[in-house]
Amino acid sequence: MLYVGCAVWAYDGWANSFFPPGLPKDERLKAYARRLTAVEGNSTFYAVPSLNAVRNWAEQTPESFRFSPKFPRAITHTAQLKNVSAQTASFIGVMHVLGPRLGPLMLQLPPTFGPTRLPVLRDYLDNLPKDIQVAVEVRHPDWFTPENDAKLDEALMAQGVSRIVFDVRPAHGSDSPDAIKAKERKPNVPLVVKALQKSVVVRYISSPVAEENDAYLSEWVPRVVDWLGEGRDVYFYAHCPLEELSPAVARDLYRRVSAVTALPPLPWEDAEKPPSQQSMTQLSLF
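Residues numbered from 1 in each chain as written. Predicted model: local features only at pLDDT ≥ 70, side-chain atom pairs only at ≥ 80, totals over all residues. Heavy atoms only, no water.

## A look at the sheet that holds strand β5 (residues 134–137)
- Spatially, three strands are ordered β4-β5-β6 in an open sheet, and the strand pairing comes out parallel. Each having just a single partner strand, β4 (105–108) and β6 (162–163) make up the two edges of the open sheet.
- In this structure, β4 lies alongside β5, joined through four bridges in parallel fashion. Its bridge partner lying in β5, L105 is registered against V134. (Pairing = 2+ DSSP bridges. Helix = DSSP H or I, 4+ residues; strand = E, 2+ residues; numbered from the N terminus.)

## Considerations on the sheet that holds strand β2 (residues 38–39)
- Taken together, six strands build an open sheet; the order of strands is β3-β2-β1-β9-β8-β7 and the sheet is parallel. Each edge of the open sheet carries a strand with a single partner, namely β3 (66–67) and β7 (165–167).
- For strand β1 (residues 2–6) and β2, the ladder comprises two bridges, and the chain directions are parallel. Note that in β2 the partner of C6 across the bridge is V39.
- Helix-sheet contacts for helix α9 (residues 210–229) involve β1, β7, β8 (199–205) and β9 (233–239), and the interaxial angle to β8 is about 180°. (Contact = heavy atoms within 4.5 Å. Axes fitted to C-alpha atoms, helices over the stretch in contact; angles between N-to-C directions.)

## Here's the deal with empty space enclosed by the protein
- Throughout the structure, instances matching the rule amount to one cavity of 30 Å³ or more.
- Its boundaries defined by the atoms lining it, the largest cavity holds a volume of some 80 Å³.
- In this structure, the largest cavity is lined by V136, E137, V138, F144, R163, I164, F166, V189, P190 and V192.
- In terms of residue class, the lining of the largest cavity is made up of eight nonpolar, no polar and two charged. (1 Å grid on protein atoms, 1.4 Å probe; cavity = no way out; pocket = protein on both sides within 12 Å on 5 of 7 lines; lining within 4 Å. Points joined across faces, edges and corners; volume = space filled by probe spheres on them. Nonpolar A, V, L, I, M, F, W, Y, C, P; charged D, E, K, R; others polar.)

## Notes on helix α4 (residues 85–95)
- Turning to α4, its buried residues are T88, F91, I92, V94 and M95. Along α4, the residues classed as buried sweep out an arc of 160° about the axis, all on the same side. Across from the buried face of α4, at angles greater than 90 degrees, the exposed residues are S85, A86 and A89.
- Contacts from the buried residues of α4 go to α2 (51–59), α3 (73–78), β4 and α5 (118–126). (Buried < 20%, exposed > 50% of the residue type's maximum accessible area, 1.4 Å probe, protein only. Arc of directions from axis to C-beta.)

## What to know about the pattern of salt bridges
- One pass over the full model with this rule turns up 18 salt bridges.
- Of the charged contacts in the structure, one is a salt bridge between R203 and E137, with a shortest N-O distance of 2.7 Å. Of this pair, R203 sits in strand β8 while E137 sits in strand β5, and the two are 66 residues apart along the sequence. Residue R203 shares its accessibility class with E137, and that shared class is buried.
- When the shortest N-O distance is used, the salt bridge between R255 and E269 registers 3.2 Å. You can see R255 sitting in helix α10 (residues 246–258) and its partner E269 sitting in helix α11 (residues 267–271), a full 14 residues away along the chain. (Salt bridge = Lys/Arg side-chain N within 4 Å of Asp/Glu carboxyl O.)

## Comments concerning the packing of α9 against α10
- In contact at an axis separation of 9 Å, α9 and α10 are set at 55° when each is read in the N-to-C sense. Regarding the angle of α9 to α10, the classification is oblique. The handedness of the crossing between α9 and α10 comes out as right-handed. Between α9 and α10, the residues in contact are N213, D214, L217, S218, W220, V221, V224, V225 and L228 and V249, D252, L253, R256 and V257, respectively. (Parallel < 35°, antiparallel > 145°, perpendicular 65-115°, else oblique. Left-handed = near helix turned anticlockwise from the far one by under 90°.)

## Regarding the pairing of β1
- Among the five residues of β1, five are classified as buried, and the element is accordingly described as predominantly covered.
- Pairing between β1 and β9: four bridges, direction parallel. In the strand pairing of β9, L2 is matched with V234.
- On the question of chirality, the crossover connecting β1 to the parallel β2 by way of helix α1 (residues 28–33) is right-handed. (Right-handed = clockwise from strand over helix to strand, strands pointing away.)

## Concerning the packing of aromatic side chains
- Under the defined criterion, the tally for this structure stands at 20 aromatic pairs.
- With 5.7 Å between their ring centres and 70° between their planes, Y11 and W14 make a pair best called edge-to-face.
- Overall, the relative accessible area of 27% leaves Y11 in the partly exposed class.
- W14 gets classed as buried once you look at its relative accessible area, which sits at 0%.
- Ring centres of W220 and W227 lie 6.1 Å apart, and the angle between their planes is 50°; this geometry places the pair in the tilted category.
- Each member of the aromatic cluster is reached from another via a ring pair, and the members are W9, Y11, W14, F18, F19, Y32, W57, F65, F67 and W268. (Phe/Tyr/Trp six-rings, centres within 6.5 Å; stacked < 30°, edge-to-face > 60°.)

As structure tokens, this is what we get:
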């Protein structure tokens, strides 16, 4: 299955464009899920939500929708995976409320977390429950040497953990002034395209210029098609320096893939129809 989405579901700049005009803020997740099929849920990086909040997320989305929440920065960045068993158990317990909607949890390591700390990462992963999916993102440049790359893959595969495919090329290759902040915030690391587990998470940092994404998205299509053909689930998350454009990038990738392999229609296509033409299947989701 191919899931596409963005980092957040409640961006104010989507009002009256991606979201219907006049949509109340507390209905944004429901509207988002009627257009795209997954979301990172970046808010969990900053704070663990309450059980009631997560129950509300589940109630506003169909069972086919997927969340890929980030582990809190208190675990990954502040403590750097040391002595955080209680915090980890609490976070995962809250996320379990999502039930079938819970996709891969994203463990984003800080740029200071290098290969010398591989034993720490290995121990942390070894103590995670086995009924969840986890995807790890590394940012320290030393992870990308052939030797350390191989060691990381070996450790992740041994724990049944996937490796986030982090594509920063579109933003870093853009000359647009709107890409400057993305270049500052997103490390210019090499693209490592690997599918270590059944689920593959791709974080695509797009150019803010639509035409500049064309070659990159065209390159992604055969990869995604191959993974789908192997029976993998692919989560493609679009991040644009101009967040207003992120949903369109995700939709573009889905349309390109669906043009060459059979996929169910993206909910967005149905949501744009007049109410009288919307499918009963879509309407029954809510």
